[in-house]
Structures are given as structure tokens and as C-alpha cells.
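Letter by letter, the chains look like this.
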Amino acid sequence: MNAAAIPEGVGRDAAMSELREVRELPDAIETIPEGLAFWAKRTPAAPAIRSVTGRELTHAEVEEAVARVVARLGSLGIGREARVATSLRGGIQACVALLGVMTLGAAVPFNPAATKHELTRDLGRLRVDLLVTEGAADGPSVHAAELGIPTVAVNGRLVVDDGRHTGDLPGR
């Protein structure tokens, strides 16, 4: 339902209020996990993320996929105090990975096209605990390894360097 579809007259204010209620988070929700849970419960089958190619994840699928990322990062010893850098191109995978990292703590997104100098400088300054990248052979992974920073690669199955995975990333 959109505002243009609500007829003028009695009841419009109530209908508009209901429309706003569906589109806005309650003030009590302050964290990413709370927001994800709210939308997954309220509108589980509604699209939450849509790529430029038309692939989409529902609110329930996003919540589930983010929980898998959080669990996997936790199994690597990454907790609430960790600083995790990401070097990912845009897309659904990047969104899910970034939401998972932000759920745990500090996320520092890096440009995947950053130069070796930029990465060396910034990774050193920020003292990150982990770098999430597109793959083990990409430039950011190589530069992080030279600095002694562990990396984990994310792909469509959320597979990490060691070959284990947290499950399929749902998609259409």
C-alpha cells in the first residue's frame, strides 16, 4: 500500500499512521540485530535487499544469513570488541557480510580497488583483527597477509579460506 492509494476523507489519518508504522522502526530499536529481528518478524516474506540484477533476499532470509555470518565470525574468535575491515564490491554478499560484521562490532569498509599503499597505511592505523575480502588471491588479501592480518573470503556460499561454510546464501 502506498500513500497515493489511500483515499481522502475519514480514516485517512489512521491509514497513513498504519502505513508509517509499517515503514518505520519503533524508537526502542537501537541496534542492527534488533532491527533485523523486527522486520523479519513483522514482514518476513517482504524483500529486504534487491540487487541490480533483480536477485533479492527477504527480511527473514537476511536475518538468517546475517546470523550465519555472525556465527562463523564468532567461530574464528571475532567478538564484540573486534575491529573487522571489509574489502568487498557491492552486492547482496557484501550487504550480508557487512551487516554481520556490524552486528558484532566495528566494521571498517575499504575500497576493494585501494592501492597497496592505502591498504598498508589504513590497516596499520586501524589495527584491525580481520579482513573480509572477495577471495584469497585478491590484492587486499595479499596486502593484509603481508601485515600479518588474518583474512576470510566470502563468496555466494559464504565459504571461507579453510573450505568450511556456514550454509548457502539464499537467493532467487
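Above this text you will find the structure in question.
What you see is a predicted model; the values in this text were computed from it and never measured.

Cut-off values and rules
- Residues numbered from 1 in each chain as written.
- Predicted model: local features only at pLDDT ≥ 70, side-chain atom pairs only at ≥ 80, totals over all residues.
- Heavy atoms only, no water.
- Helix = DSSP H or I, 4+ residues; strand = E, 2+ residues; numbered from the N terminus.
- Buried < 20%, exposed > 50% of the residue type's maximum accessible area, 1.4 Å probe, protein only.
- Pairing = 2+ DSSP bridges.
- Right-handed = clockwise from strand over helix to strand, strands pointing away.
- Expected span 1.5 Å × (residues − 1).
- Axes fitted to C-alpha atoms, helices over the stretch in contact; angles between N-to-C directions.
- Contact = heavy atoms within 4.5 Å.

**Student:** So what exactly am I meant to see when it comes to the environment of V142 here?
**Tutor:** On the secondary structure map, V142 appears in helix 6 (residues 139-146). As for V142 and K116, which are separated by 26 residues in sequence, their C-alpha atoms are 9.3 Å apart.

**Student:** What should I look at first to understand the pairing of strand 3 (residues 83-87) in this one?
**Tutor:** Looking down a regular strand, the side chains alternate between one sheet face and the other. Taken across its 5 residues, strand 3 has 4 buried, putting it largely inside the fold. Judged from the 4 bridges that link them, strand 3 and strand 4 (residues 106-109) form a sheet pairing that is parallel. Residue pairing across strands places A85 opposite V108, the latter belonging to strand 4. With respect to chirality, the unit in which strand 3 leads through helix 4 (residues 92-104) into the neighbouring parallel strand 4 is right-handed. By the bridge criterion, 4 bridges tie strand 3 to strand 5 (residues 130-133) in an arrangement that is parallel. Paired with V84 across the two strands is L130, which belongs to strand 5.

**Student:** Can you help me understand helix 4 in this one?
**Tutor:** What sets the pattern is the α-helix's 3.6 residues per turn: residues three or four places apart point alike. With 13 residues, helix 4 should cover 18 Å at 1.5 Å per step; its first-to-last C-alpha distance of 19 Å lies within 8% of that length. Those residues of helix 4 not exposed but buried are I92, A94, V96, A97, L99, G100, V101, T103 and L104.

**Student:** So what exactly am I meant to see when it comes to the sheet that holds strand 3 here?
**Tutor:** Note on sheets: strands pair through backbone hydrogen bonds, and any given pair is parallel or antiparallel. As summarised here, the arrangement of the 4 strands in space is 4-3-5-6, forming an open sheet in which the pairing is parallel. In this open sheet, the two strands that pair with only one neighbour each are strand 4 and strand 6 (151-153). Sheet twist, expressed as the average angle between the axes of neighbouring strands with direction ignored, equals 25°. Relative to strand 6, strand 5 runs parallel, the two being bridged by 3 bridges. Each bridged residue has a counterpart across the sheet, and for V132 the counterpart in strand 6 is V152. Helix 6 contacts strand 3, strand 5 and strand 6 of the sheet and is inclined by roughly 165° relative to strand 5.

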